[in-house]
Amino acid sequence: AQSVTQLDSQVPVFEEAPVELRCNYSSSVSVYLFWYVQYPNQGLQLLLKYLSGSTLVESINGFEAEFNKSQTSFHLRKPSVHISDTAEYFCAVSDRGDYKLSFGAGTTVTVRA
Amino acid sequence: DGGITQSPKYLFRKEGQNVTLSCEQNLNHDAMYWYRQDPGQGLRLIYYSQIVNDFQKGDIAEGYSVSREKKESFPLTVTSAQKNPTAFYLCASRTGAGGNQPQHFGDGTRLSIL
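As the structure is a prediction and not an experimental result, all values here were calculated from the model.

The rules behind each value
- Counting from 1, residues in each chain are numbered in the order their sequence is written.
- Chains and ligands are labelled by the order in which they are written, letters from A for the one and numbers from 1 for the other.
- Reporting in this predicted model follows two pLDDT cut-offs: at least 70 for local features of residues, and 80 or more for side-chain atom pairs to be given and counted; totals over whole chains, interfaces and linings ignore these cut-offs and use all residues.
- The basis for the side-chain values is all heavy atoms of the structure; hydrogens and waters are excluded.
- Whenever Lys or Arg places a side-chain nitrogen within 4 Å of a carboxyl oxygen from Asp or Glu, that contact is recorded as a salt bridge.
- Helix and strand definitions here come from DSSP, where helices need a minimum of 4 consecutive H or I residues and strands a minimum of 2 consecutive E residues; each element is numbered from the N-terminal end.
- For every residue, the accessible area (1.4 Å probe, protein chains only) is compared with the maximum for its type, and the residue is labelled buried under 20%, exposed over 50%, or partly exposed between those bounds.
- A residue's pLDDT is the confidence the predictor assigns to it, expressed on a 0 to 100 scale.
- Two joining distances apply to patches: 9 Å for like charges and 5 Å for nonpolar side chains (Val, Leu, Ile, Met, Phe, Trp, Tyr), and every residue must have over 30% relative accessible area and no salt bridge.
- In short, Shrake-Rupley with a 1.4 Å probe defines the accessible areas, and a residue's cover is counted only from the protein chains shown.
- The disulfide criterion used throughout: a pair of cysteine sulfur atoms within 2.5 Å.
- When DSSP finds two or more bridges between two strands, those strands count as paired.
- Angles shown run from 0 to 180 degrees and are taken between the N-to-C directions of axes, each axis being a line fitted to C-alpha atoms and, for helices, limited to the stretch in contact.
- For this analysis, residues touch if any pair of their heavy atoms sits within 4.5 Å.
- Accessible-area loss on putting two parts together, using a 1.4 Å probe and summing over both, is the definition of buried area adopted here.
- Polar contact criterion, stated in full: a pair of N or O atoms within 3.5 Å, where within protein one must be able to donate a hydrogen and the other to accept it, and residues adjacent in sequence count only if both atoms are side-chain atoms.

## Observations concerning the pattern of salt bridges
Residue and element names in this part refer to chain A. Enumeration according to the criterion identifies seven salt bridges over all chains in this entry. The closest approach of N and O atoms between Asp-8 and Arg-22, which form a salt bridge, is 3.0 Å. One end of the pair, Asp-8, is in the loop between β1 (4–6) and β2 (10–14); the other, Arg-22, is in the loop between β3 (19–21) and β4 (23–25), with 14 residues separating them in the sequence. Taking the relative accessible area as the measure of exposure, Arg-22 reaches 32% and is therefore partly exposed. A single network of salt bridges, built from pairs that share partners, joins Glu-20, Glu-66 and Arg-77.

Printed below as a string of structure tokens:
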């Protein structure tokens, strides 16, 4: 099973500033990669996913993530955050052919005006 | 709208009591999952089921039990053997095999000890 490391547990950021959330996973075998977002007292919502093809994937609300196989990373970025981006973000990894996901410990993003 | 319904939203357990958390999905998904979420620890897998009448232990199955008698339902029982049950419990489902389909989540049940 994969081990997933999210390098920052808390990220405070000012509104309209850029943010980067770092995610590394343990194995370079073929994987599927996901970022989920969780708002307080809610379940997780899929933000974006990498399955194959272009290493840069984008979401509809301005987030993007880049798959780097050599560094086994899948960092999430947004060039300009809003107050509404305040949430907890989880990186998740699945080996191809596996029913299970391995999750990182999460990164709490707090956006301040 | 299709989705996953977890109930109740809040649940309180007395010492020595078993409690059951409900998870129902109308997405026609084959696989269902139960996770436990504790602050700073991410999500840990309790049990998962790939098909009806079959389920497997996850990483932290001790003190929990499940059943999968119907495709749309995957209830979780927190038994009295689980000595630290206070947590946020999330149910998820997914279609297909191979890992490339994302999991869809319910809104969770928060369990506390009385």
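## Concerning the confidence of the model for chain A
Residue-level pLDDT values for chain A average 92, and 99% of them are 70 or greater. Per-element averaging of pLDDT across chain A places strand β7 (residues 56–58) of chain A at the bottom with 86 and β3 of chain A at the top with 98.

## Digging into a nonpolar patch on the surface
A grouping of Tyr-10, Phe-12 and Leu-114 of chain B is seen on the molecular surface, where their side chains present a nonpolar patch of about 360 Å² in accessible area. In this structure, Phe-12 of chain B sits in strand β2 (residues 10–13).

## With respect to the state of the cysteines
Applying the stated criterion across every chain yields a total of two disulfides over all chains. Across the disulfide, Cys-23 of chain A is cross-linked to Cys-91 of chain A (sulfur-sulfur distance 2.0 Å). For the disulfide bridge between Cys-23 of chain A and Cys-91 of chain A, the dihedral angle about the S-S bond is near -70 degrees, and by the sign convention the bridge is left-handed. In this pair, Cys-23 of chain A is assigned in strand β4 and Cys-91 of chain A in strand β10 (residues 87–95), connecting sequence segments 68 residues apart. Judged by its relative accessible area of 0%, Cys-91 of chain A is buried. Residue Cys-23 of chain B pairs covalently with Cys-91 of chain B via a disulfide, S to S 1.9 Å. Residues Cys-23 of chain B and Cys-91 of chain B share a disulfide whose torsion about the S-S bond is about -75 degrees; that sign makes it left-handed. With Cys-23 of chain B in strand β3 (residues 19–25) and Cys-91 of chain B in strand β9 (residues 87–94), this residue pair connects regions lying 68 residues apart in the sequence.

## Focus: the sheet that holds strand β7 (residues 64–66) of chain B
Residue and element names in this part refer to chain B. Taking strand neighbours across the sheet as the criterion, the four strands line up as β1-β3-β8-β7 in an open arrangement whose pairing is antiparallel. The sheet is open, and its two edges are formed by β1 (4–7) and β7, each paired on a single side. Between one strand axis and the next, the sheet turns through 20 degrees on average, direction left out of account. The sheet contact formed by β3 and strand β8 (residues 76–78) spans three bridges and is antiparallel.

## A closer look at the interface of chain A and chain B
In many reports, interface size means the accessible area that the parts give up when they come together. Taken together, the 24 residues of chain A in the interface contact 27 residues of chain B. Buried surface at the junction of chain A and chain B, summed over both partners, amounts to about 1900 Å²; 56% is from carbon and sulfur atoms. When the buried area of chain A at its contact with chain B is split by residue, Asn-41, Tyr-99 and Phe-103 of chain A rank highest and sum to 37% of it. The tally of links between chain A and chain B comes to zero salt bridges. Remark: the boundary between chain A and chain B carries seven residue pairs in polar contact (both at pLDDT 80 or more). Of all elements in the fold, only β5 (31–38), β6 (44–50) and β10 of chain A reach the threshold of two or more residues within the side of chain A that touches chain B.

## Digging into the pairing of strand β6 (residues 54–57) of chain B
All names here are of chain B. Here strand β5 (residues 43–51) runs beside β6; their pairing, made up of three bridges, is antiparallel. Across the sheet, Ile-51 pairs through a bridge with Asp-54, a residue of β6. What sits between β5 and β6 in their antiparallel hairpin is a turn of two residues, with Asn-53 showing a positive phi close to 65 degrees.

## Looking at unusual backbone geometry
At the junction of Ser-7 of chain B and Pro-8 of chain B, the peptide bond is cis and its omega measures out at -5 degrees in the coordinates. Take Pro-8 of chain B: it is sitting in the loop between β1 and β2. The backbone of Asn-41 of chain A shows a phi angle near 60 degrees, a positive value even though the residue is not glycine. Structurally, Asn-41 of chain A is set in the loop between β5 and β6. For Asn-28 of chain B, which is not a glycine, the phi torsion comes out positive at approximately 60 degrees. Its location among the elements puts Asn-28 of chain B in the loop between β3 and β4 (31–37).

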